[in-house]
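Listed below are the residues making up each chain.
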Amino acid sequence: MLEEIIKSIATDVFQQNDWGEPAQYIPELAAVDPQQFAISVCLADGKVISAGSATKPFSIQSISKVFALVAALGRVGNQLWSRVGREPSGTSFDSVVLLERENGRPRNPFINAGAIVTTDALLCGRQPKLALAEILGLVRQMSGSDSIYINDAVAASEQKTGSRNKALAYYLKSHENLSNEPDLTLGTYFHQCAIEMTTEQLAMAGRSLAGLEGAPKVISQKHVRRVNALMMTCGHYNGSGDFAFRVGLPGKSGVGGGLLIIAPNVASVAIWSPGLNLYGNSYAGTRAAEMLSRATNWSVF
């Protein structure tokens, strides 16, 4: 039954032939063919059901913020919340407006400013390669796959064109909410966002957040609830309310076109289609997530 649903969703996406446009401000992503789609669903028994290009690696971008947050909560715990909030922003992911109004404390860890602070917390007292090794090691452990790497070309492309992120980092530093030098934290952040995964690997990595049996014990149940809550309210930037309305599940998007979606105690879902909607979330991927939620009735509401 589920196999038929997933196959039907993939068929519908290709028949609609309506893809959106890849992120244009990162040259390596702008060059990606938008007419691509993949979906993978990992069930409680560990079985993964996929359709489309489920074994093709893509840049997870801001989905990496979920893994960085899990690592930071494990390392510094609730101290993180003194530096970053837990509220939706209602603004674009790279906006400086609220950061200026709220004295350099980002609204949540999933907008860029908040993610930079989270990465900075992981970096404290260590070289960037060690912080990156912790994030990458966590991703590999959660997915059960060692064949996950950072794409250096994508990281370099982000470094070259990341002027707004540089502005955010220096503004954070001006409010003493950055412990390391901006360039050091940003270099780590850009490489973290350049991690590449397949939808099969990403779906497997979501098992711990979905509370599936046999998932790696890398995060406490208390923190699972908090991360899922933040994914529901803040995981899609100023499109988070629309995603909650249409899909009804916690999720995190990335401008590489990926989506990680959690159906608590039921399944972990990964979707990829590189064309984006006006919020910076996968255009075809969001439609596919809505189709899946309706067909399975997995909404938490």
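The structure under discussion appears in the preceding block.
Residues numbered from 1 in each chain as written. Predicted model: local features only at pLDDT ≥ 70, side-chain atom pairs only at ≥ 80, totals over all residues. Heavy atoms only, no water.

**Here's the deal with the sheet that holds strand S7 (residues 258–263)**
The antiparallel open sheet is built from 5 strands, whose spatial order is S2-S1-S8-S7-S6. Both outer strands of the open sheet, strand S2 (48–52) and strand S6 (251–253), are each paired with one neighbouring strand and no more. Neighbour to neighbour, the strand axes of the sheet diverge by 10 degrees on average, direction disregarded. Summarising the sheet, S7 and strand S8 (residues 267–272) pair through 6 bridges and their orientation is antiparallel. Looking across to S8, one finds that Ala263 is bridged to Ala267. Across the sheet, helix H1 (residues 2–16) lies against strand S1 (38–43) and S2, angled at about 20 degrees from S2, the strand it touches most. (Pairing = 2+ DSSP bridges. Helix = DSSP H or I, 4+ residues; strand = E, 2+ residues; numbered from the N terminus. Axes fitted to C-alpha atoms, helices over the stretch in contact; angles between N-to-C directions. Contact = heavy atoms within 4.5 Å.)

**Description of unusual backbone geometry**
One non-glycine residue with positive phi stands out, namely Gln61, at about 50 degrees. Mapped onto the elements of the fold, Gln61 is located in the loop between strand S3 (58–59) and helix H3 (64–76). Its identity as a non-glycine residue notwithstanding, Asn265 has a phi of 65 degrees, on the positive side. Within the element layout of this structure, Asn265 appears in the loop between S7 and S8.

**What to know about H1**
Given a rise of 1.5 Å per residue, 15 residues ought to cover 21 Å, and the 21 Å separating the end C-alpha atoms of H1 matches this to within 8%. Those residues of H1 that are buried lie in contact with S1, S2 and helix H14 (283–296). Positive phi appears at Asn17, one or two residues downstream of H1, with a value of about 55 degrees. (Expected span 1.5 Å × (residues − 1).)

**Section: the packing of H3 against helix H5 (residues 112–123)**
Their axes nearest at 9 Å, the elements H3 and H5 cross at an angle of 45 degrees. Relative to H5, the element H3 lies oblique. The chirality of how H3 crosses H5 is left-handed. In contact with Lys65, Ala68, Leu69, Ala71, Ala72, Arg75 and Val76 of H3, H5 contributes Asn112, Ala115, Thr118, Ala121 and Leu122. (Parallel < 35°, antiparallel > 145°, perpendicular 65-115°, else oblique. Left-handed = near helix turned anticlockwise from the far one by under 90°.)

**With respect to the sheet that holds strand S4 (residues 149–150)**
Within a sheet, adjacent strands bond to each other through the backbone by hydrogen bonds, running parallel or antiparallel. Pairing is antiparallel across the open sheet formed by 3 strands, whose spatial order is S3-S5-S4. Edge positions in the sheet fall to S3 and S4, since each has one partner strand and no second.

**Some points on the packing of H5 against helix H8 (residues 163–174)**
The N-to-C vectors of H5 and H8 enclose an angle of 60 degrees; their axes lie 10 Å apart at closest approach. It follows that H5 is oblique to H8 by the angle criterion. For the pair H5 and H8, the sense of crossing is right-handed. Contact residues: H5 offers Asn112, Ala113, Ile116 and Val117, while H8 offers Asn165, Leu168, Ala169 and Leu172. Within the contact of H5 with H8, the residues separate by chemical class into 6 nonpolar, 2 polar and no charged. (Nonpolar A, V, L, I, M, F, W, Y, C, P; charged D, E, K, R; others polar.)

**Some details on the side chain of Ser89**
Mapped onto the elements of the fold, Ser89 is located in the loop between H3 and helix H4 (97–101). With residues up to four places along the chain from it excluded, the contact list for Ser89 reads Leu98, Arg107, Asn108 and Ile111.

**Structural notes on the pattern of salt bridges**
In this structure the tally under the stated criterion is 9 salt bridges. Between Arg246 and Glu290 there is a salt bridge, with its nearest N and O atoms 3.0 Å apart. With Arg246 in helix H13 (residues 240–246) and Glu290 in helix H14, the pair connects residues that are 44 residues apart, well separated along the chain. Salt bridges here are not isolated pairs; linked through shared partners, they connect Asp242, Arg246, Glu290 and Arg294. (Salt bridge = Lys/Arg side-chain N within 4 Å of Asp/Glu carboxyl O.)

**Some details on helix H6 (residues 128–143)**
End to end, H6 covers 22 Å across 16 residues, agreeing with the expected 22 Å (1.5 Å per residue, within 8%). When H6 is considered as a whole, its buried residues turn out to be Pro128, Ala131, Leu132, Ile135, Leu136, Leu138, Val139, Met142 and Ser143. The buried residues of H6 occupy an angular sector of 150 degrees when projected down its axis, which confines them to one face. Residue Gly144 follows H6 closely and has a positive phi angle near 70 degrees. (Buried < 20%, exposed > 50% of the residue type's maximum accessible area, 1.4 Å probe, protein only. Arc of directions from axis to C-beta.)

**Considering the environment of Ile5**
Tracing the backbone shows Ile5 in helix H1. Residues Ile5 and Ser174 lie 169 residues apart in sequence; the distance between their C-alpha atoms is 51 Å. Excluding anything up to four places from it in sequence, Ile5 contacts Leu292, Ala295 and Thr296.

**Focus on the pairing of S2**
Judged from the 5 bridges that link them, S1 and S2 form a sheet pairing that is antiparallel. Counted as the bridge partner of Ser40 is Ser50 from S2.

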